[in-house]
Every structure is written in structure tokens, then in C-alpha cells.
Amino acid sequence: MIYLDNNATTRVADEVAEAMLPFYREHYGNPHSVHAMGRKSNEAIMQARRQTAALIGARPDEIYFTSCGTESNAIVLRGVERNGRRKIVSSSVEHASVMALVSELARNGSIELAVVRVDENGAIDLDQMSEQIDDRTALVTVMLAQNETGVIHQVERIIGLAREKGALVHLDAVQAAGKIPIDVRSLDVDFLSLSGHKFHAPKGIGALFVRAGSKLQSLWLGGGQEKGLRSGTEAVPSIVAMGVAAAIAADRLPEQDHVREQRDRLEISLQKAFPEIVINGQGQPRLPNTANISFPDLLSEFIVYGLDDAGICISAGSACSSGKEGGSAVIKAMHRPDRLASGAVRFSLSRYTTAEEIDRAIDLVPDLINGLYRSMGLRPVTGATR
Ligand code: PLP
């Protein structure tokens, strides 16, 4: 297997799995119990809070653990104090956990929604952003890095525009964390979402940065855990995992240079073999691990299955949109014609991806793609692969 679907999810790091286990088998106390077992769990959460905060330059008391990135996003979008303002401004390439929710809030009349377009490189249109952020805007919510293309948005500019109008800002940093440096202080952001399974912690653990002093209403009431923002007994082993994964991600950030080299090698070789492919987002700053490639006239699902037969795991758009017809909505939002949107696939690497795996992918993928072109009666395109 060559696993190139790390934006969908990552393998749990060995150190992370090892750090979790004692909190299932030995230190399983409820962190709110006053006895020694409870205190042990509570201390472990405090440590994880410090580690997670350090990954993004936050204070530990500004980190709230949640069950996933989707929940972190929902807490902000549903719970933000709007101070009489009704408008939420977002972009046309947001993850479903943001777009489905703000669309629903707009449909039921709770908010007014403005969706700002992107250009063909996936960059958010800053002129339209500036027009849309106005005195009625309560919140601007955008991704720091796009999950399908890896495009890194110009969030400093967007945050500046929001500040001029007194609007709050939420960044969905689920794909960015662990791949590029993040500093909430220099960004001057109010809320920022993280998800552990994108940086080698297990699935089912997320975190939300809430700038000290910002107010959010909780989604549900209960025992008042996480300072009342997220009631429910804390998932201590998963929280420990998130902390350890965050600490390792921060330490090993320089390894992303190697990840970028491997990604670039793969892109260059595919471009040589298929000069007409489009690397989506290539004209913008991008995450080092992501290659989103449109193979004209092919169907992304066929490519995914074709590569899967050869033991290569990739995806067509985001994992959540797999199986949905008509090509990637994100690539369509980038004004790409249908023949490019429907043939777009994502290769996403991690620090565990080896140069040998990329060599094998470089050997295998061109023949597989040519086979798909042939099976569709389209002219096979040939060229040097390395
Ligand atoms: N936001 C982005 C940008 C994502 O890529 C994802 C997951 O793919 C999410 C949010 C949702 O995260 P989770 O799977 O932890 O709910």
C-alpha cells in the first residue's frame, strides 16, 4: 500500500498510541474526581492543553477540547455572540462542516450569509471580501488552508478587513496545523479550529482556540466541563493523544520541507508524463503535502479505483464528498471547466511518506492513467515519467 490520502486522515504516531494506552488501562479516573486517579487524569489534560496551545502560539487557557474539527467549527458558528449583527461572511471553498451549517443558519433566517468567490487559482477574492465585510458583519469564517487543493489563504489580509469593521474572525485550521507554522497572536484571530486526526492523533478529538475574553455560547448544557463550553466527560486518552501529537508536530515541522520535495517530485513527473494536466492551486502558496491534479476528461472516481487496484490510496476531492457526483465542488468553484473538475484527484503526503513510496508512485501512476484513458477510448498520452 502507498497511502497518499493524509488530508482525509493520518496514521496515529507510535508515540501517540503509546501515550494514550495508560489512560485506558491504569489512569482511567474521571478528571473531575478529587481522588488521586482523577487528579492524574486532570494533570494529563492540563499537559495536553499546554502542548496543543504551543502548536499555535496560544495560552493553555485558550484551548478547549472537542470531539472533532466539525464540532469546533459548529461551536463557533452557532455560539458566537453577534452583538446585534446578523451577517456571516465566508468563502466558496469552505469545508462542509462550515458551509452546510452557515447555509442552514441562513435558510432558517438566523443569519445573513455572504459567500465570497475564489479565482481560478483558488485564492479568495479580496476585493469582494472587502465589499462584503461591513458594519453588519458579526463573523468572518474562512479556512487557513484548503483541504482539497492545499491553497493557503491570505488570512492576514482578511483578518485586517474584519478588524476595520469590528467583525470577529474564525479560522478553520484543520488542514494547516502541523503542516505550516501557525501563531494565533501574530494572526490576531478570535477563534481557530483543530482536529487531531489530521496530524497523527486518533479520530474523534478536536480542539478550539478561543481568544481570552471572547464569548461563545455552548451547544449543549451539562456538567460544565471545558469551562462550560463543552459539557461531557473529557475523552482523556484522546486528549493526551492530541497533546503528544501536537508536540511532535511542532518539533517535526522542519520535516515538511522533505514532504514538499516528495510532493514536488510527484507533480513534476506527472506533468512530464501528461503535459495537459492542471495542478490546481499551483499559482498560490500551498500546503507542502498536497497535490490536487486534474486529468482532463477522466472521472476522478475511476482514477481513485484504478490506483486503488494497484495499492495506491488517493481521493477524489474531500473524503466527505466521495461518492457524490459531478466532480469536486471546490474545483468547480475555481471556475474550472467540467472536464477538469470531474477529473480532479488529490494526492496528500505526510511525514511518514517515504521517497521510495513516491518513486513507486512515479513508476506506477502514468501507466495506470494511460490505461484509464485507453479504456475510455481516449488517446493515451505518453511521455517520460522521470
Ligand atoms: N475542516 C477541514 C478543512 C477539514 O478538512 C475537515 C476534515 O476533513 C474538517 C474541518 C472536519 O474535521 P473532523 O473530521 O475532525 O470533523
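This one's a predicted model, so the numbers in the text were calculated from it and none came from an experiment.

The next thing to look at is unusual backbone geometry. As a rule of thumb, non-glycine residues mostly have phi less than zero, and peptide bonds are mostly trans rather than cis. Backbone geometry places Asp297, a non-glycine residue, at a positive phi of 75 degrees. If you trace the backbone, Asp297 turns up in the loop between strand S10 (290-294) and helix H11 (300-309). A positive phi angle is found at His335, which is not glycine, with a value near 65 degrees. With respect to the helices and strands, the residue His335 is situated in the loop between helix H12 (329-333) and helix H13 (338-341). The exposure class assigned to His335 is partly exposed, which follows from its relative accessible area of 47%.

Let us now look at helix H14 (residues 355-375). Look at H14: 30 Å from first C-alpha to last across 21 residues, which is about the 30 Å you get at 1.5 Å a residue. Along H14, the helix axis deviates most sharply at Leu364, where the bend reaches about 30 degrees; the proline Pro366 sits within four residues downstream. Burial in H14 covers these residues: Glu357, Ile358, Ala361, Ile362, Val365, Pro366, Ile369, Asn370, Leu372 and Tyr373. Among the structural elements, strand S1 (2-3), helix H10 (256-273), H11 and strand S11 (312-313) are those in contact with the buried residues of H14.

Let us look at the pairing of strand S7 (residues 191-195). Of all five residues making up S7, five are buried, and the element is well covered by its neighbours. Alternating residues of S7 divide into Phe191, Ser193 and Ser195 and Leu192 and Leu194, and every residue in both groups is buried. Looking at chain direction, S7 and strand S8 (residues 206-210) are connected through five bridges and run antiparallel. Looking at the pairing, Ser195 lines up with Gly206 of S8.

The ligand sits among 14 residues. The nearest are Gly69, Thr70, Asp172, Ser195 and Lys198. In the environment of the ligand, an oxygen atom lies 2.6 Å from a nitrogen or oxygen atom belonging to the side chain of Thr70. The contact in question runs from an oxygen atom of the ligand to an N or O atom on the side chain of Gln175, over 2.9 Å. Look at the ligand: alone it shows 390 Å² of surface, and the protein chains cover 90% of it. For the shell around the ligand, the element with the highest residue contribution is helix H4 (residues 69-79), accounting for three residues. The residue makeup of the shell around the ligand, split by class, is three nonpolar, nine polar and two charged.

Thresholds applied
- Residues numbered from 1 in each chain as written.
- Predicted model: local features only at pLDDT ≥ 70, side-chain atom pairs only at ≥ 80, totals over all residues.
- Heavy atoms only, no water.
- Helix = DSSP H or I, 4+ residues; strand = E, 2+ residues; numbered from the N terminus.
- Buried < 20%, exposed > 50% of the residue type's maximum accessible area, 1.4 Å probe, protein only.
- Expected span 1.5 Å × (residues − 1).
- Bend = angle between axes of the 7 residues up to and from the residue.
- Contact = heavy atoms within 4.5 Å.
- Pairing = 2+ DSSP bridges.
- Near = heavy atom within 4 Å.
- Polar contact = N/O pair within 3.5 Å; in protein donor to acceptor, adjacent residues only side chain to side chain.
- Areas by Shrake-Rupley, 256 points an atom, 1.4 Å probe, with all protein chains shown as cover.
- Nonpolar A, V, L, I, M, F, W, Y, C, P; charged D, E, K, R; others polar.

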